[in-house]
Structures are given as structure tokens and as C-alpha cells.
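One-letter residues, chain by chain:
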Amino acid sequence: MSNDGLTWQDPEKLARHVGMTLRHIRHERGLNLQELAAMTDVSTLTLGKIERGEANPSLTIIWKIANGLAIPISALLVEKQEVQISRKNEGSKVISANESLTLEPMFTSSGYSSLETHRAFLKPDSEYRADAHQPGVIEFVTVMEGKVRVKVQDEVFELSQYDSIKFHGDKGHSYMNMESIEAVLHFVMIYTGRAD
């Protein structure tokens, strides 16, 4: 299990799932690996390893792929089922490169659709800087435990427990936990497909 990638109860099963899903999406869109690499800014070597289930991609790589394909990240991570329960520590996890943030995808609406939810755990005294997402992504973030500073471009917002913020995710943003305890966040991301 990599400290900079995806984990599941069975990491190999998750790697196979992400690989099969990515291959399916690529074939569905009639793309070859070189075209997908150009769209996502991820090398053909890395994409090939992911598709074969040989790689454990980081959160940054997953975001690059999702942004390049204009899909929610949960379209790559979450298994489709009629009734779903998302329990802490039982599903897939994506860990940021600096290991400050652990993201647990929870739910997505059916298909490669427009809504997804995540829970996230931000380590004490740490910061997670998110790359700008594709145009049309709106983030809703609620602090479930702790206190967090959210920076959207140059503006900083202080959030306490149960405070929420909404912003366009196609702008640079970051999350800072200035406390000595872990912060728990709940994300709802809507993919409108519009840059308004």
C-alpha cells in the first residue's frame, strides 16, 4: 500500500477497478493512450500502468485524469451499486502527495455524472493545496470537526465546526488546519460543465 496513492480494503482490487474503469472510458470515447496523455498531462507509461492495475496513483494524478476527461474523480473510484453505505475507513482512499489530506470518496450520482461526495481528514498543523479543477466544478465544503482556513485564490476564510463554504473549484484553493487535532471535512462537488 502506497502512502501517496489509493487504498481500499484490498488495494489490488481498487487498482484493478480504477484501471478497468479508465480503460472503459478511454475506449468509449475512442481515445488512444497518447491522446489521453495529451488531455490529462499524465504520461502514457503511467496511464498504461494504471489501466493494467499495476499503479497506485496519487490524488494529483487522479485529479489530472478526471479533469482531462471532465468527469468527477468518483467516476474512477466508486463501484456502482443500487444501495450504498459509506463507512469510514472501509472504502477507497486517496492520499495527497504531502500526506496531509486523506480523501474518502463516498457517493456519486449514476454514470459519469454531475455530483459526488467525499469525506476528508486533514492532519493537524498541515495544509493541502488543491489544483484548480475543470471549469464548471462547484465545491461545497463543511467542517465536521475542528477549524480550517480555506483559501480561494487570494481570499482566506476561517471555518469552525459545522460552518460551510461554497466556491468555484476551477480557481486555486487550499485547506489549512492550524489546530493540533485532525480536521474532518465533508465535500460535495457538482460538475455543471459550465464555467459561469
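Residues numbered from 1 in each chain as written. Predicted model: local features only at pLDDT ≥ 70, side-chain atom pairs only at ≥ 80, totals over all residues. Heavy atoms only, no water.

1. Here we look at the environment of M20
Relative to the assigned elements, M20 resides in helix α1 (residues 11–28). According to the relative accessible area criterion, M20 is exposed, its value standing at 55%. Sequence-wise, M20 and L76 are 56 residues apart; in three dimensions their C-alpha atoms are separated by 9.0 Å. (Helix = DSSP H or I, 4+ residues; strand = E, 2+ residues; numbered from the N terminus. Buried < 20%, exposed > 50% of the residue type's maximum accessible area, 1.4 Å probe, protein only.)

2. Remarks on unusual backbone geometry
For D125, which is not glycine, the phi dihedral falls at a positive 50 degrees. With respect to the helices and strands, D125 occurs in the loop between β4 (115–122) and β5 (126–130). With phi around 55 degrees, Q153 is a residue other than glycine that occupies positive phi space. One can find Q153 in the loop between β7 (148–152) and β8 (155–159). For Q153, a relative accessible area of 48% translates into the label partly exposed.

3. Considering the pairing of β4
Burial of β4 is extensive: seven of the eight residues sit out of reach of the surface. Relative to β4, strand β3 (residues 101–108) is paired through seven bridges, and the arrangement is antiparallel. When the bridges of β4 are listed, E104 appears paired with R119. By the bridge criterion, eight bridges tie β4 to strand β11 (residues 183–191) in an arrangement that is antiparallel. Bridge pairing in β11 links L122 to A183. (Pairing = 2+ DSSP bridges.)

4. As for the nonpolar core
Counting 44 residues, the largest nonpolar core has L22, I65, L69, Y128, V150, Y175 and L185 as the members making the most contacts within it. For this core, the element with the most residues is helix α4 (residues 59–69), which contributes six residues. Among residues more than four places away in sequence, those in contact with L22 are L36, L47, I50, E51, I65, L69 and L76. (Core = buried A, V, L, I, M, F, W, Y, C linked by side-chain atoms within 4.5 Å. Contact = heavy atoms within 4.5 Å.)

5. Quick word on helix α2 (residues 33–40)
All of the buried residues along α2 are L36, A37 and T40. Projection of α2 onto a plane perpendicular to its axis shows the buried side chains occupying an angular sector of 100 degrees, all on one side. Away from its buried face by more than 90 degrees, α2 exposes Q34 and A38. The backbone nitrogen of Q34 lies 3.0 Å from a side-chain oxygen of the residue at the head of α2, namely N32. Of the residues trailing α2, D41 is marked for its positive phi of about 60 degrees. (Arc of directions from axis to C-beta. Polar contact = N/O pair within 3.5 Å; in protein donor to acceptor, adjacent residues only side chain to side chain.)

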